[in-house]
Amino acid sequence: MNAKTLEALNVIEKRVNMIDSKLQDEANLSDIKLLTELNKERSSLESIYNEYLEYKKIKSDLDEANYMLKNEKDAELKQLAKSELQDLEEKIETLEKNIELLLLPKDPNDDKNVVFEIRGAAGGDEANIFAGDLFRLYTRYAEKNNWKVEVLEESESTAGGFSQISFMVKGDNVYSKMKFESGSHRVQRVPKTESKGRIQTSTATVAVLPEVSDLEVDIKLSDLRIDTYRSSGAGGQHVNTTDSAVRVTHIPTGIVASSQDGRSQHDNKDKAMTMLRARIYEYELQKKQEQEASQRKSAVGTGARSEKIRTYNYPQNRITDHRINLTLSKLDQVMEGNLEEIIDGLIKNHQKELIAEQINEDN
C-alpha cells in the first residue's frame, strides 16, 4: 500500500476517534443536531475504518510471520510460518483492493432517488412500444430492489407503449445503480406492426436524473410561468372535468415540465416541479462539463441521450452493452428485470477507470 493511501487512512482513523470522543462527551448529549451529524459522519466512515483496522491487524501478523520465517530454527515451525504467510498475504491483498475501492471519490448523487425520462425515438410506433418495454423492465428491476415507482408524466402511444414517460424511482442508493442507463437504447426485432415479418431497428432514449431539492437548484418564482389545463386520458373521475393538469415553464432556460396524472392540481404541480428541478440540474451540469473542456469523459458514457449504449436483439435473444463490450444471450431474462449482471459490470468498469485515473494523478 502506498504512502498516500496510508496517510489518508490515518486521517480517517483520527477523525473516527475524534467523533467517538465527542459522542461520549456528556456535554454534547443534549445537542441533538450535533449528535445526528456526528453519527451520520461516523456511519459514512465506518466501512473504510473497519477495513483499515483489519488491515493493520493482518499487517502485524504478516510482519510476525516474516520474522519467524527468517529467524526460526525449527523446521516444523518454519514450515508453519511459511503456510501462515501465504494465507496472510492473500488476505492483505484482498483488504488492499477493498480499501482502494472504498477510498474512491463518491458521487454525491449516489444515494438519491432518480427521475427517469424515456422517449420513443427513431422507428415510429415500434420505438414507442419499445419505450414501454423499457419502462416495464425498470419497473421490474425496481420491484426486485424494493424501490417505489411513481409515474410523473406520460404520453401513451396509440399502437402501445409511450411516446414519452417520466417517472420517479425512490429507494436506497437508486442513482448509484441506475445512472449508467442514460443514453440511446437500440432494439432489433420484428415489430408487432410489421405484417411481412421483417426485422426492424428502432431506438428509445433514456435519461436518468438525480432528484434534487430546492436548496440544490435555485428557482425564482418570478422565473416561472405556470399554466393549468384540462387533463386528458386515464387518471380518474376528475379527468376532463377540471383544469387539474399543470405545465411549468422555466423562462430563463425554456425548460418545461408538466403533469396530469396526479389526483389534484396541487399534486400535479408538485410532480411538475420535481421534474423541472431535475431537468434544470441536468442542464446546468452539462453546461459546466462543456466549459471544463479538460474534464475526463468516462468510457462508461457521458449520459447523453444520443449516445448508443445498448442493443436488444430479440431474434437471437441477445443483449449487448457497447460501453463494456458485454454480451449476454439471455435477453428474455433481462427484460424481466434481471439487470444485475449488466449494472454490476458497468459499476466495476467505472471503478477501474477511477482507480487508473488516481494512479495517473499520483505518477
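Residues numbered from 1 in each chain as written. Predicted model: local features only at pLDDT ≥ 70, side-chain atom pairs only at ≥ 80, totals over all residues. Heavy atoms only, no water.

Under the annotation held in an unreviewed UniProt entry, the protein carries the name Peptide chain release factor 1 and is attributed to Spiroplasma turonicum. According to the UniProt record, the Sequence similarities (unreviewed entry) comment for the protein reads "Belongs to the prokaryotic/mitochondrial release factor family." The UniProt entry for the protein carries this comment under Function (unreviewed entry): "Peptide chain release factor 1 directs the termination of translation in response to the peptide chain termination codons UAG and UAA." (UniProt positions renumbered as here; feature names shortened; annotations may be inferred.)

A. Up close: the sheet that holds strand β6 (residues 224–229). With antiparallel pairing, the three strands of this open sheet are ordered in space as β6-β7-β8. Every other strand in the sheet has two partners, leaving β6 and β8 (255–259) as the edge strands with one partner each. Between one strand axis and the next, the sheet turns through 15° on average, direction left out of account. Across five bridges, strand β7 (residues 245–250) lies against β8 in antiparallel orientation. Among the inter-strand pairings, Thr-249 is bridged to a residue of β8, identified as Val-256. (Pairing = 2+ DSSP bridges. Helix = DSSP H or I, 4+ residues; strand = E, 2+ residues; numbered from the N terminus. Axes fitted to C-alpha atoms, helices over the stretch in contact; angles between N-to-C directions.)

B. Structural view of the packing of aromatic side chains. Overall, the coordinates contain seven aromatic pairs when judged by the stated rule. Pairing Phe-116 with Tyr-138 gives two aromatic rings, centres 4.7 Å apart and planes at 35°, and the pair type is tilted. Here Phe-116 is found in strand β1 (residues 114–120), whereas its partner Tyr-138 is found in helix α4 (residues 125–144), with 22 residues between them in sequence. Ring plane angle 85° and centroid distance 5.7 Å describe the contact between Phe-135 and Phe-162, whose orientation is recorded as edge-to-face. (Phe/Tyr/Trp six-rings, centres within 6.5 Å; stacked < 30°, edge-to-face > 60°.)

C. Representation of the sheet that holds strand β11 (residues 326–328) in the model. Ordered by their spatial adjacency, eight strands build an open sheet running β2-β3-β1-β5-β4-β9-β10-β11, and the pairing between neighbours is mixed. In this open sheet, the two strands that pair with only one neighbour each are β2 (148–156) and β11. For this sheet, the mean angle separating the axes of adjacent strands, direction not counted, is 15°. Here eight bridges tie β2 to strand β3 (residues 162–170), and the two strands are oriented antiparallel to one another. Its bridge partner being in β3, Glu-154 is matched across the sheet by Ile-165. Across the sheet, α4 is in contact with β1, β2, β3, β4 (183–189), β5 (200–210) and β9 (308–313); its angle to β5 comes to roughly 45°. (Contact = heavy atoms within 4.5 Å.)

D. Main features of unusual backbone geometry. Non-glycine residue Asn-173 carries a positive phi angle of around 55°. Note that Asn-173 resides in the loop between β3 and α5 (174–178). Positive phi, normally seen in glycine, also occurs at Asn-317, with a value near 50°. Tracing the backbone shows Asn-317 in the loop between β9 and β10 (318–321). According to the relative accessible area criterion, Asn-317 is partly exposed, its value standing at 24%. (Buried < 20%, exposed > 50% of the residue type's maximum accessible area, 1.4 Å probe, protein only.)

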